[in-house]
Amino acid sequence: LNYLKEQGIKMAVASSTMSSRVLENLKEIHVEQYFDCIIGGDMITHGKPAPDIFLKALDLLKVSHDEAVVLEDSKNGILASYLASIPVICISDLVKHTKDTLDKTYLVLESLDQVIDYVEKM
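These numbers were taken from a predicted model, which means no experiment stands behind them. (Residues numbered from 1 in each chain as written. Predicted model: local features only at pLDDT ≥ 70, side-chain atom pairs only at ≥ 80, totals over all residues. Heavy atoms only, no water.)

On to the pattern of salt bridges. Within this structure, the stated rule accounts for five salt bridges. Glu24 is the salt-bridge partner of Arg21, the closest N and O atoms lying 2.5 Å from each other. In this pair, Arg21 and Glu24 are both assigned in helix α2 (residues 19-28), three residues apart and thus about one turn of the helix distant. Here Arg21 falls in the partly exposed class, since its relative accessible area comes to 38%. Judged by its relative accessible area of 41%, Glu24 is partly exposed. The partner of Lys104 in a salt bridge is Asp100, and the shortest N-O contact between them spans 3.4 Å. (Salt bridge = Lys/Arg side-chain N within 4 Å of Asp/Glu carboxyl O. Helix = DSSP H or I, 4+ residues; strand = E, 2+ residues; numbered from the N terminus. Buried < 20%, exposed > 50% of the residue type's maximum accessible area, 1.4 Å probe, protein only.)

Alternating residues of strand β4 (residues 88-91) divide into Val88 and Cys90 and Ile89 and Ile91, and every residue in both groups is buried. In this sheet, β4 lies alongside strand β3 (residues 70-72) in parallel orientation, the contact comprising three bridges. Along β4, the bridge assignment pairs Glu72 with Cys90. Two strands pair when backbone bridges link them, and β4 and strand β5 (residues 107-109) are joined in this way by three bridges, in the parallel orientation. Bridging across to β5, Ile91 finds its partner in Leu109. (Pairing = 2+ DSSP bridges.)

Core analysis: the biggest nonpolar cluster contains 17 residues, and Ile39, Ile53, Phe54, Val70 and Ile86 have the highest contact counts within it. When residues in this core are grouped by element, the largest group, five residues, is from helix α3 (residues 52-61). Dropping the residues within four chain positions of it, Val70 is found in contact with Phe54, Ser81, Ile86, Pro87, Val88 and Ile89. Counting residues in hydrophobic clusters, the runner-up holds 15 residues, among them Met11, Val13, Val115 and Val119. (Core = buried A, V, L, I, M, F, W, Y, C linked by side-chain atoms within 4.5 Å. Contact = heavy atoms within 4.5 Å.)

This part takes up the side chain of His97. In this structure, His97 sits in the loop between β4 and α5 (99-102). Engagement of the side chain of His97 in a polar contact is seen with the backbone oxygen of Asp73, the distance being 2.8 Å. Setting aside anything within four residues of it in sequence, one finds His97 in contact with Asp73, Ser74, Lys75, Ile78, Cys90 and Leu102. (Polar contact = N/O pair within 3.5 Å; in protein donor to acceptor, adjacent residues only side chain to side chain.)

Taken together, three strands build an open sheet; the order of strands is β3-β4-β5 and the sheet is parallel. The sheet is open, and its two edges are formed by β3 and β5, each paired on a single side. Looking at each pair of strands side by side, their axes are set apart by 25 degrees on average, direction ignored. (Axes fitted to C-alpha atoms, helices over the stretch in contact; angles between N-to-C directions.)

We now examine α3. Taken together, the buried positions of α3 are Ile53, Phe54, Ala57, Leu58 and Leu61. In an axial view of α3, the angular spread of the buried residues amounts to 145 degrees, which keeps them on one side of the axis. At the C-terminal side of α3, Lys62 shows a positive phi close to 60 degrees. (Arc of directions from axis to C-beta.)

Let us look at α2. Turning to α2, its buried residues number three or more, namely Ser19, Val22 and Leu26. Along the axis of α2, the buried residues cluster in a sector spanning 60 degrees; they form a single face. Turned more than 90 degrees off the buried face of α2, the exposed positions are Ser20 and Glu28. Close packing links the buried residues of α2 with β1 (12-14) and β2 (37-39). Once α2 ends, the next one or two residues include His30, with phi positive near 60 degrees.

Quick look at the structure:
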């Protein structure tokens, strides 16, 4: 998060969880200051896998689809990003996704630490 902020990259959290709970969780781990906006499931009409939450993030960050990338670990999040026409990087988790789901991703990384390498190449 430090690296991304230093690079001037706008960041949002887009979670299906209620926004107050998301903010509470971010404050618990002392990272809320890194994010330009926080969007919770209570702020949109249709939750993931609908694209609404990512479209709202684009609007609030004032960035276009081709300027954005989503980091996601869940199937519904991958589908929502895909439907929003935003490239999605799957960060591997305990859940193993099907080929059909992974075919909707731009890239699969094993760890968030690898995101820096991706950003530096861009």
